[in-house]
Amino acid sequence: MSDRNGVSAAPLRELFDSVVAAAAAVRGGAQSLPALKLERARHEGRGDYSTNAAMLLAPSLDAPPRVIAERISAELGSILGDGLERAEVAGPGFLNLVLSDAWHRRALAGVLAAGDRFGAGGASPAERILIEFVSANPTGPLVAASGRHAAYGDALARILEHHGHMVSREYYFNDAGNQIRLLGESVRARALGEDVPEGGYEGDYVFELAAAIDGAADLEADGVARRAVELLLEQIKGTLERYGVHYDRFFSERTLHAGSPSPLERVLSQLEESGHVYRSEDALWLRTTSFGDDKDRVVVRSNGEPTYLAADVAYLQDKRQRGFERQLMPVGADHHAYSRELKAAMAALGGDPDTVEVPILQFVHLVEGGKVFAMSKRRGAFVTLDDLIEEIGVDATRFFMLQRSHDRTLELDVELARSQSAENPVYYVQYAHARIASMLGRLSEDRIAGAVADGADWGADEIHTSERNLVNKLIALPDEISEAALRRAPHRMAGYALELAQEFTAFYRDCRVVGAEPSEAESFRIALSVAAQRTIALSLGLLGVGAPESM
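Being a predicted model, the structure only gives us computed values, none of them experimental.

Caption draft 1: Quick look at the side chain of Ser100. Position of Ser100 among the secondary structure elements: in the loop between strand E4 (94–99) and helix H4 (101–114). Leaving out residues up to four positions away in the same chain, Ser100 has contacts with Asp82, Gly83, Leu84, Glu85 and Arg468.

Caption draft 2: Region of interest: the pattern of salt bridges. Evaluation of the coordinates by the stated rule reveals 33 salt bridges. Among the salt bridges present, the one from Arg86 reaches Glu85, with a minimum N-O distance of 2.8 Å. We classify Arg86 as partly exposed; its relative accessible area is 38%. According to the relative accessible area criterion, Glu85 is partly exposed, its value standing at 45%. One salt bridge in this structure joins Arg487 and Glu483, with 2.5 Å as the shortest N-O distance. Residue classification places Glu483 among the partly exposed residues on the basis of a relative accessible area of 24%.

Caption draft 3: The arrangement of the sheet that holds E4 in detail. Pairing within the open sheet is antiparallel, and its 4 strands lie in the order E1-E2-E4-E3. Lying at the two open borders of the sheet, with one neighbouring strand each, are strand E1 (38–40) and strand E3 (84–90). Neighbour-to-neighbour, the strand axes of this sheet turn through a mean angle of 25 degrees, independent of strand direction. Its contacts with the sheet place helix H1 (residues 11–27) against E1, strand E2 (49–51) and E4, and it is angled at close to 135 degrees to E1.

Caption draft 4: Broad picture of unusual backbone geometry. Between Ser260 and the following residue, Pro261, the backbone shows a cis peptide bond with an omega angle of 0 degrees. A cis amide bond links Glu517 to the next residue, Pro518, at an omega of -5 degrees. By secondary structure assignment, the location of Pro518 is in the loop between helix H20 (491–510) and helix H21 (519–542). Of note in the backbone geometry, Asp62 takes a positive phi value of approximately 55 degrees without being a glycine. With respect to the helices and strands, the residue Asp62 is situated in the loop between helix H2 (53–61) and helix H3 (65–80). The phi angle at Asp282 is positive, at roughly 65 degrees, despite the residue not being glycine. By secondary structure assignment, the location of Asp282 is in the loop between strand E8 (277–280) and strand E9 (283–286). What makes Asp282 exposed here is its relative accessible area of 65%.

Caption draft 5: Structural detail: the packing of helix H14 (residues 394–402) against helix H16 (residues 425–440). As a packed pair, H14 and H16 sit with axes 9 Å apart at the nearest point and diverge in direction by 115 degrees. H16 is crossed by H14, and the crossing has right-handed handedness. From H14, Asp395, Ala396, Phe399 and Phe400 reach across to H16, where they touch Pro425, Val426, Val429 and Gln430. Here the residues of the contact of H14 with H16 sort into 6 nonpolar, 1 polar and 1 charged.

Caption draft 6: Highlighting the packing of aromatic side chains. Tallied over the entire structure, the rule returns 13 aromatic pairs. Geometrically, the ring pair formed by Tyr247 and Phe250 is tilted, given 5.2 Å between the ring centres and 55 degrees between the ring planes. You can call Phe250 partly exposed: its relative accessible area is 25%. Look at Tyr278 and Trp285: their rings are 6.4 Å apart centre to centre, the planes differ by 10 degrees, and that puts the pair in the stacked class. The exposure class assigned to Tyr278 is partly exposed, which follows from its relative accessible area of 22%. Residue classification places Trp285 among the buried residues on the basis of a relative accessible area of 19%. The side chain of Arg40 reaches across the aromatic face of Tyr49, ending 5.7 Å from its centre. Seen from the ring of Phe524, Arg105 lies directly overhead, with NZ or CZ sitting 5.8 Å from the centre.

Conventions we followed
- Residues numbered from 1 in each chain as written.
- Predicted model: local features only at pLDDT ≥ 70, side-chain atom pairs only at ≥ 80, totals over all residues.
- Heavy atoms only, no water.
- Helix = DSSP H or I, 4+ residues; strand = E, 2+ residues; numbered from the N terminus.
- Contact = heavy atoms within 4.5 Å.
- Salt bridge = Lys/Arg side-chain N within 4 Å of Asp/Glu carboxyl O.
- Buried < 20%, exposed > 50% of the residue type's maximum accessible area, 1.4 Å probe, protein only.
- Pairing = 2+ DSSP bridges.
- Axes fitted to C-alpha atoms, helices over the stretch in contact; angles between N-to-C directions.
- Left-handed = near helix turned anticlockwise from the far one by under 90°.
- Nonpolar A, V, L, I, M, F, W, Y, C, P; charged D, E, K, R; others polar.
- Phe/Tyr/Trp six-rings, centres within 6.5 Å; stacked < 30°, edge-to-face > 60°.
- Lys NZ or Arg CZ within 6 Å of the ring centre and 35° of its normal.

So, in structure tokens, the structure goes:
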């Protein structure tokens with residue numbers, strides 16, 4: 001019969017808590033051990049997990065770490081019961097834990113019982129979070145590099161939501177200011193058959209806008225700019241929808257300048273009353289140095305025009321007033337000072353600067369044939385996100401954009417992303433999912449349901465090493481989601497999905513599933529395959545990548 005009593009949806013967390021309890025028992029009372037680790041064993045034959053608890057306790061107990069490790073081992077045996085097969089002291093005092101087959105069966109049962117909520121709800125406390133991302137100026141189509149920002153912001157939102165936060169997605173677009181004026185002048189010049197002004201926008205899309213706007217040659221530049229922004233924003237929305245990115249709101253900068261007093265005027269008045277702005281050289285300055293910035297910042301120029309920072313401060317206040325407890329604003333690599341400015345602005349408004357986070361996303365280089373393609377929207381020499389999607393597809397684009405940490409420059413190999421081979425990571429992961437679907441398709445629905453049902457008989461035969469490794473990788477998901485959420489690091493999920501697919505492939509190579517004998521072993525392997533399929537799909541879903549049933 002099954003040995004699945006005591007099923008847990010978070011077996012690794014329970015195991016960690018058991019190690020903490022054992023260490024406390026050896027210590028003779030509770031002791032904070034923030035550096036205590038429980039890690040997957042890095043080498044075959046050295047257990048399932050390893051802990052450094054004994055080495056952390058050694059100084060306070062004045063005993064050799066290996067001796068303390070033996071004491072912890074004894075305590076763990078009492079706490080874990082039949083879940084611990086054995087514990088082995090290694091090296092200077094590491095304790096390697098070999099969990100029993102019964103423990104692994106219970107762990108798998110917990111994964112299956114959790115269903116779609118596997119790894120969900122770990123946020124403490126849960127917060128109302130607004131992620132404002134991409135927010136490219138509507139002065140041209142979205143370039144391929146914007147695909148990194150879109151994939152990052154959307155995947156982070158998905159991860160934070162699964163972790164238990166309440167997340168809204170917002171696109172802030174500048175439809176006012178000098179760049180918009182230049183866009184209008186550039187389109188009008190093309191409508192008149194003239195060259196664009198110095199610093200203006202070039203490229204075929206400017207000609208297309210000139211042709212699409214009725215009477216562009218006869219309108220004032222501001223009127224042309226407004227219509228061009230409408231058309232480009234409509235195109236941007238369509239690209240993002242195609243990319244699988246859905247926003248809760250598109251926020252217009254113009255609304256911050258509307259009304260009397262406008263939101264921008266109200267926030268500047270508030271800052272003036274609190275003494276955080278001053279006048280110098282006929283300009284209005286925000287005292288950001290009072291809050292950690294390296295220099296004060298201009299918010300209204302000497303000609304009376306507000307700066308981008310002024311609008312950003314008003315936008316910060318607007319989001320606060322809408323009840324968001326945390327604001328995330330991923331920006332490009334050329335915005336390093338932006339984080340200091342916004343944190344200082346939040347402090348000047350009376351808010352907590354730590355609730356403003358500005359992850360810096362590094363550059364994207366498209367590589368094909370060993371050559372890097374340079375991009376510039378102003379010069380009109382760029383690859384659009386639509387072009388890239390057309391070339392390699394939505395799934396490959398999103399996965400490749402997310403497989404490296406956002407703070408590292410990304411070189412996207414277009415040829416690799418296009419290929420259908422094991423070297424292509426997204427193809428490899430999706431193929432693993434499709435392979436499981438194909439294999440399970442040879443079984444009846446009743447057979448599968450019986451294998452995964454609560455209380456199903458999985459036997460008591462020894463579990464193969466590849467089965468153990470796959471279970472251990474499956475149960476790592478909750479911690480991976482937690483780390484990805486806390487570190488704002490969606491790339492962890494891409495890495496996890498690939499590693500899980502690799503573990504399944506090894507299991508599939510080593511262990512017959514359909515037709516395995518005895519039937520209890522077949523049931524266990526069917527259940528393990530179902531859990532792997534669900535978890536691959538969940539991991540890909542958090543990245544906004546599809547999990548195909550066939551390929």
